[in-house]
Amino acid sequence: HIALEEFNCPYEAIRIDLKTHLTVPDNKDYYQINPTGAVPCLILEDGQLLTQGGAILSYLAENFHDYKKYSAIQKARFHEWLFYLNSDVHKSFTPIYGVKRYAN
């Protein structure tokens, strides 16, 4: 959501109940939107589905930011940090945000 806001991209956020995989509040089956059930996902204007945070952020940077002016090494550094945050740092927040899996 932050990148969409920063790049001034028009979007509609859909809340998903990750236990039931239903959209909130209209109770649609999220698997009908995204067969993998993973979040996040981005539905493009042409109807294509894009999943995985790194891929979505790369797409947004390429299409809604002045990304083309950067050199290959600068883009690689962007991806290096993006993938580090997405894989190594992100998982460390599971105990904080995923506590409902382990306790009432």
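These notes cover the structure that comes with them. (Residues numbered from 1 in each chain as written. Predicted model: local features only at pLDDT ≥ 70, side-chain atom pairs only at ≥ 80, totals over all residues. Heavy atoms only, no water.)

**Section: the pattern of salt bridges**
Logical step 1: Under the criterion given, the structure shown has four salt bridges.
Logical step 2: Linking Lys69 and Asp66 is a salt bridge whose minimum nitrogen-to-oxygen distance equals 3.9 Å.
Logical step 3: By relative accessible area, Lys69 is classed as exposed at 55%.
Logical step 4: Taking the relative accessible area as the measure of exposure, Asp66 reaches 45% and is therefore partly exposed. (Salt bridge = Lys/Arg side-chain N within 4 Å of Asp/Glu carboxyl O. Buried < 20%, exposed > 50% of the residue type's maximum accessible area, 1.4 Å probe, protein only.)

**Details of the side chain of His21**
Logical step 1: Its place among the elements puts His21 in the loop between β1 (15–17) and β2 (22–24).
Logical step 2: Residue class for His21 comes out buried when judged on its relative accessible area of 15%.
Logical step 3: Setting aside anything within four residues of it in sequence, one finds His21 in contact with Ile16, Lys28, Asp29, Tyr30, Tyr31 and Gly37. (Helix = DSSP H or I, 4+ residues; strand = E, 2+ residues; numbered from the N terminus. Contact = heavy atoms within 4.5 Å.)

**Description of the environment of Asp29**
Logical step 1: In this structure, Asp29 sits in the loop between β2 and α2 (30–33).
Logical step 2: Assessed through its relative accessible area of 33%, Asp29 is described here as partly exposed.
Logical step 3: On a C-alpha basis, the gap between Asp29 and Val89 in space is 30 Å, while along the polypeptide they are 60 residues apart.
Logical step 4: Ignoring sequence-local partners within four residues, the contact set of Asp29 consists of His21 and Leu22.

**Section: a nonpolar patch on the surface**
Logical step 1: On the surface, Trp81, Tyr84 and Leu85 cluster together into a nonpolar patch covering about 350 Å² of accessible area.
Logical step 2: With respect to the element layout, Trp81 can be found in helix α4 (residues 72–91).
Logical step 3: Assessed through its relative accessible area of 54%, Trp81 is described here as exposed. (Patch = residues over 30% accessible without salt bridge, like charges linked within 9 Å, V, L, I, M, F, W, Y side chains within 5 Å. Areas by Shrake-Rupley, 256 points an atom, 1.4 Å probe, with all protein chains shown as cover.)

**A few points about the packing of helix α3 (residues 53–64) against α4**
Logical step 1: At their nearest, the axes of α3 and α4 sit 10 Å apart, and the two run at 150° to each other. Between α3 and α4, the interaxial angle falls into the category roughly antiparallel. Crossing angle aside, the handedness with which α3 passes α4 is right-handed. Residue-level inspection shows Gly54, Leu57, Ser58 and Ala61 of α3 in contact with α4, the latter providing Phe78, His79, Leu82, Phe83 and Asn86.
Logical step 2: Tallied by class, the residues present in the contact of α3 with α4 amount to five nonpolar, four polar and no charged. (Axes fitted to C-alpha atoms, helices over the stretch in contact; angles between N-to-C directions. Parallel < 35°, antiparallel > 145°, perpendicular 65-115°, else oblique. Left-handed = near helix turned anticlockwise from the far one by under 90°. Nonpolar A, V, L, I, M, F, W, Y, C, P; charged D, E, K, R; others polar.)

**So, the nonpolar core**
Logical step 1: Within the largest apolar cluster, seven residues are counted, these being Ala3, Leu4, Cys9, Leu42, Leu44, Ile56 and Leu60.
Logical step 2: Looking at this core, the elements that each hand over two or more residues are α1 (2–6) and α3.
Logical step 3: Beyond its immediate stretch of four places on either side in the chain, Leu4 contacts Cys9, Tyr11 and Leu60. (Core = buried A, V, L, I, M, F, W, Y, C linked by side-chain atoms within 4.5 Å.)

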